[in-house]
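Fold and contact review
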Protein chains: 2
Amino acid sequence: MTRPREALVDPLDAFCKDTDAYVAGRIGGVLSSLTFAAKDIFDVAGYVTGGGNPDWKATHQEAERNAWVVQTLVNAGASMVGKTHTDELTRGILGENAHYGTPINPKAPGRVPGGSSCGSAAAVAGGLVTFALGSDTGGSVRIPASFCGLYGLRPTHGRIPLDGILMQAPSYDTIGWFTRDAETYARVGEVLFQTQIPAATSSRIVIAEDAFDEADEMVRDALLTLAEKVAALARSSTTERLSPNGLAEWAPQQNVLQSQEAWDSVKDWVDRVNPRFSYWVSERYHFAVSLTKTDVEEAAVMREQIRRRMDEVFADGGFVCLPTAVCPAPLRGEPTSQKKDIQARLARLTCIAGTTGRPQLSLPLGEVNGLPVGLSLMGDHGSDEELIGFARTIEKELAG
Amino acid sequence: MTRPREALVDPLDAFCKDTDAYVAGRIGGVLSSLTFAAKDIFDVAGYVTGGGNPDWKATHQEAERNAWVVQTLVNAGASMVGKTHTDELTRGILGENAHYGTPINPKAPGRVPGGSSCGSAAAVAGGLVTFALGSDTGGSVRIPASFCGLYGLRPTHGRIPLDGILMQAPSYDTIGWFTRDAETYARVGEVLFQTQIPAATSSRIVIAEDAFDEADEMVRDALLTLAEKVAALARSSTTERLSPNGLAEWAPQQNVLQSQEAWDSVKDWVDRVNPRFSYWVSERYHFAVSLTKTDVEEAAVMREQIRRRMDEVFADGGFVCLPTAVCPAPLRGEPTSQKKDIQARLARLTCIAGTTGRPQLSLPLGEVNGLPVGLSLMGDHGSDEELIGFARTIEKELAG
C-alpha cells in the first residue's frame with residue numbers, strides 16, 4: 001500500500017526521501033489512531049531496506065515481509081507512515097549521515113539529533129509521529145532520546161525479536177522506540193512485550209556515582225538533583241561506584257567486541273561491492289580489521305569482569321540511576337577528531353547496559369542551558385516492564 | 001569559454017559529466033588542430049577541480065587560472081575539450097571510481113582501463129581526443145597506458161611544473177600524457193619540455209631479468225621477445241637483475257612513504273569534511289594512519305638502498321627495459337581483496353621509477369590473448385627526450 005508522497009510533512013529531514021513505504025494499521029487495534037515511523041533498518045515488504053548507505057540499498061533486494069516488530073505494531077492498529085534516516089549501517093552515535101544529511105533536532109536546533117536512530121528521534125520530538133522505532137547496539141536509542149528530550153528504552157538483549165532488521169552486531173543489537181510521554185511508551189510496550197505494564201515503583205535505587213562523575217559538570221548537577229527526587233520515590237536508595245577503576249576502563253572492550261561483530265556482518269559485502277562510506281564510518285571498520293587476537297581476548301576478559309561486577313550491583317534488585325549521556329547534543333558538523341572524543345566519552349555510560357544485556361530507559365527529565373539531557377534507569381534482565389511502569393510513576397510524581 | 005555539452009561524444013564514460021570545461025587552443029600554434037582531455041586534477045579557470053570525489057568538489061572553489069601544463073598546451077594551439085575521470089584523489093591503479101563509474105577500456109572491453117588516469121587513457125584509446133593529460137604518482141600513467149595500448153610517460157620527477165594540479169604525494173607526483181603513436185607523443189613532448197625531441201637510439205639496453213620474472217608467464221614471454229628486438233636497435237645490451245632479493249622487497253617502501261604523504265595532503269580536509277570514499281580508498285588512508293615511526297624509518301632506509309642500486313645500474317648510461325605491468329588489464333568489478341593482490345604485484349614494477357625519480361615510458365608493443373601489454377623503457381634522470389626519441393625509432397623499426 002502506497003501513501004501519497006506529499007502527505008508526509010517533513011520539515012526536519014527526518015524521513016528517507018527515496019521511499020514511500022507505508023503500512024496501514026489494522027482497524028480496531030489497541031494502537032489505532034497512532035502513527036509511527038521506522039528507522040530504515042526495519043524491513044517493510046516491497047521496499048529495499050536502505051540502512052543509511054546508498055550502496056547497501058543499491059545492492060539488496062526488496063524485503064519480502066515486514067519486520068516482526070513492524071508487523072506486530074501494525075496488527076495492533078498503528079500505521080507505519082515512513083522510514084527514517086539512520087547513521088550509515090547504524091555505525092554512529094551523533095545522527096550525521098554523509099550521504100543523506102542530518103535530521104534537525106527540534107529541541108536543540110543547530111545541534112545533532114543523536115544517532116544512529118536519528119530520524120526516528122527527530123520525527124517524534126518534532127511531533128511528526130506518535131512514536132518511532134529505532135535500534136540500540138551501542139547507545140543508538142538512548143543517546144538520541146537524551147539529545148532530543150524523549151523516552152527511549154534499550155530493552156533487555158534478546159527480549160524483542162530482531163527478525164527482519166538489518167543487524168549490526170548480534171551480541172549487542174536491540175530494538176527500542178521513542179515517545180514524548182511515558183504513558184504512550186507503556187502502550188507501545190504492552191504490544192511489543194505482549195504483557196501488561198505494571199503500576200510500579202522501585203524497591204531500591206542505586207545512584208551510580210562514577211557515572212555521574214563522567215558527565216559535564218552542569219549535566220551532573222542537573223541530573224543528580226533529579227536522581228535524588230527519583231530515589232525519594234523508591235523504598236530505599238544508595239550511592240555506589242560501579243567500576244573499581246573508573247568507567248573509562250570499561251568502555252573500550254565493547255568498542256572492540258562490537259566493532260569486530262559489525263565488521264563480520266558486512267565484510268563479504270564490502271569486499272564484493274567496495275561501497276562508499278563516510279571516512280568516520282570506514283574508520284570504525286578499519287579499527288575492527290586492525291584488532292589482534294590479544295585485543296579481542298583482553299576485551300572478552302574485561303567484559304566478564306564487568307558482567308560479574310554488575311551482577312553484584314543488581315544482587316539486591318532495584319534500578320541503577322545514571323546520566324544517559326555525558327553532555328547535551330553537540331553542535332552539528334564538528335570535525336571528525338572531536339566527534340571521536342565525544343563518542344568515546346558517551347560510550348563510558350552506554351557500555352554498561354550494552355555489555356551486560358540489561359535494559360536501560362532514558363527519561364527526558366533534565367535540561368541544561370535549554371537543551372535536553374536524559375536521566376537513565378537501568379534494570380535487571382527482564383525488568384523492562386517495571387522500568388517503563390516506574391517511568392510512568394516518575395512522570396506523574398515529578399510533574400505533580 | 002563554454003562548449004555545447006552535446007558536442008562531446010563520449011561512448012566510453014571517459015569524461016566527467018558534471019562539467020563542461022573547455023579551453024580553445026591558440027590559433028596558429030604548433031599543436032593547432034589537436035584536441036586533448038585533462039584528468040580532473042588539472043585546474044581549468046572557472047571550474048572546480050573535482051579530483052574524482054564529489055565531496056572534494058563540493059568543498060573547493062573554482063580554479064582562478066589554468067594549470068601550467070594546460071595553459072602551455074593551449075598556448076601551443078591544442079584545444080582542451082573536456083575533463084576526464086580519475087580514481088578518487090588519484091588513489092587507485094585500476095580506474096574504477098565508486099562515485100562516477102569505470103570508463104570503458106576500448107582495447108579490452110569488460111576489463112578495467114587502469115588508473116588513476118583512467119578517463120584520459122580511455123578517451124585516447126577510443127580516439128575521442130588526440131592526446132590526454134594524466135598524472136603518475138605510483139603508476140597512474142604507465143599502468144593505464146599498458147592496459148589501454150597507449151604510449152605513456154612518467155617523466156623525470158620535477159621535470160614538468162605541477163602548478164595547478166591536485167597533488168597526491170609531492171615526492172612522487174609527476175605529469176604525463178597519453179597518445180596512440182610515438183610521433184604525436186614527441187610533438188606534445190616538445191611543447192611540454194620546451195626542447196627538441198632528438199632522433200635517438202640507445203647506447204645500451206639493460207634487460208631487467210627480475211622485472212620480467214614478476215610478470216605473468218604469457219606477458220613475460222611476449223615482452224621478452226619484443227625486448228630482444230628493442231635491444232637489437234641499441235649499440236649494446238645486457239641482462240641484469242636489478243634487486244638483490246627480488247622486487248617484492250622493493251615495492252612496500254614506496255607504499256609506506258607515498259601513503260604517508262598522501263594522507264598528509266588530505267588529513268585536515270578529511271577531519272573537517274568527513275568525506276565519502278570507497279572502502280578501497282579509505283583503506284589506503286587508514287594504512288597511512290596505522291604506520292609507526294619505525295615503519296617509516298625502515299622504508300626510508302630501503303628507499304636509499306634502491307636509489308643507490310639503480311644509480312649503479314645507470315652508471316654506464318642507456319635504458320632499462322622492463323614490462324610496464326605484470327598482467328593485462330584485469331576484469332572490471334573484481335572483489336577488493338583481489339584488487340589488493342593485483343595492486344601489490346603491479347607496484348613491484350612501477351616502484352622502481354617512482355622511488356628513484358627516473359623517467360619511464362610505456363610503449364604499446366605487446367599483446368596477450370588480444371589484450372594490450374606495454375613494454376617499458378626507463379632512462380636516467382633528465383633523459384625524457386631521448387626516451388621519446390628512441391620510442392619513435394622503435395615504432396618505425398618494429399613496424400617496418
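Residues numbered from 1 in each chain as written. Chains lettered and ligands numbered in written order. Predicted model: local features only at pLDDT ≥ 70, side-chain atom pairs only at ≥ 80, totals over all residues. Heavy atoms only, no water.

1. Digging into the sheet that holds strand β6 (residues 205–208) of chain A
Strands belonging to one sheet form pairs held by backbone hydrogen bonds; the direction of such a pair is parallel or antiparallel. Residues and elements named next belong to chain A. Taken together, the 10 strands give an open sheet; going across it, the order is β2-β1-β3-β5-β4-β10-β11-β9-β6-β7, and neighbouring strands pair in mixed fashion. The open sheet has two free edges, formed respectively by β2 (79–84) and β7 (237–240), since each of these has just one partner strand. For this sheet, the mean inter-axis angle between neighbouring strands, taken without regard to orientation, is 25°. Pairing analysis gives three bridges linking strand β4 (residues 151–154) to strand β10 (residues 360–368), with the strands arranged antiparallel. Across the sheet, the residue bridging to G152 is S362, located in β10. Across the face of the sheet, helix α5 (residues 182–193) comes into contact with β3 (131–136), β4, β5 (174–179) and β10 while running at roughly 150° to β5. This element, helix α7 (residues 217–233), spans β6, β7, β9 (319–323), β10 and β11 (371–378) of the sheet and lies at about 45° to β11. (Pairing = 2+ DSSP bridges. Helix = DSSP H or I, 4+ residues; strand = E, 2+ residues; numbered from the N terminus. Axes fitted to C-alpha atoms, helices over the stretch in contact; angles between N-to-C directions. Contact = heavy atoms within 4.5 Å.)

2. Side note on the relation of the copies chain A and chain B
Turning chain A through 180° and shifting it by 0.0 Å along the axis lays it on chain B, with an RMSD of 0.0 Å. Such a combination of turn and shift is consistent with a two-fold rotation axis. (Least-squares fit on C-alpha atoms with pLDDT ≥ 70 in both.)

3. Quick look at the environment of Y285(B)
Examined against the element boundaries, Y285(B) turns out to sit in helix α9 (residues 279–290). Linking Y285(B) and Q260(B), residues 25 residues apart in sequence, is a C-alpha distance of 8.1 Å. Once residues lying within four places of it in the same chain are set aside, the contact partners of Y285(B) are Y279(A), L89(B), R91(B), A262(B), W263(B), V266(B) and F277(B).

4. Describing the sheet that holds strand β10 (residues 360–368) of chain B
Residue and element names in this part refer to chain B. Taken in spatial order, the 10 strands line up as β2-β1-β3-β5-β4-β10-β11-β9-β6-β7 in an open sheet, and their pairing is mixed. Looking at which strands have only one partner, the edges of the open sheet turn out to be β2 (79–84) and β7 (237–240). Each strand of the sheet is rotated relative to its neighbour by a mean of 25°, with strand direction disregarded. Bridge count for strand β1 (residues 35–39) against β2 is five bridges, and the pairing is parallel. Within β2, the position partnered with F36 by the bridge is M80. Strands in contact with helix α11 (residues 336–356) are β4 (151–154), β9 (319–323), β10 and β11 (371–378); relative to β9, the strand with the most contacts, it is inclined by about 150°. In the packing of helix α12 (residues 384–399) onto the sheet, contacts are made with β4, β5 (175–179), β6 (205–208), β9, β10 and β11, and the angle to β10 comes to roughly 25°.

5. Looking at the interface of chain A and chain B
Contacts between chain A and chain B engage 21 residues on the former and 21 residues on the latter. Where chain A abuts chain B, roughly 1,900 Å² becomes buried across the two surfaces, and 49% of that area is made up of carbon and sulfur atoms. If you sort the residues of chain A by the area they bury against chain B, N274(A), Y279(A) and H286(A) come out on top, with a joint share of 38%. Inspection of the chain A/chain B interface yields zero salt bridges. When residues of the side of chain A that touches chain B are traced back to their parent elements, those giving at least two are α8 (251–273), β8 (276–278), α9 (279–290) and α11 (336–356) of chain A. Counting residues per element, the side of chain A that touches chain B draws most heavily on α9(A), at seven residues. (Buried area = accessible area lost by both parts, 1.4 Å probe. Salt bridge = Lys/Arg side-chain N within 4 Å of Asp/Glu carboxyl O.)

6. Looking at the packing of aromatic side chains
All names here are of chain B. Counted under the stated rule, the structure contains 21 aromatic pairs over all chains. With a centroid separation of 5.6 Å and 45° between ring planes, the pair formed by W263 and Y285 is classed as tilted. Taken together, the residues span a long stretch of sequence, with W263 in helix α8 (residues 251–273) and Y285 in helix α9 at a distance of 22 residues. Given the relative accessible area of 14%, W263 is considered buried. (Phe/Tyr/Trp six-rings, centres within 6.5 Å; stacked < 30°, edge-to-face > 60°. Buried < 20%, exposed > 50% of the residue type's maximum accessible area, 1.4 Å probe, protein only.)

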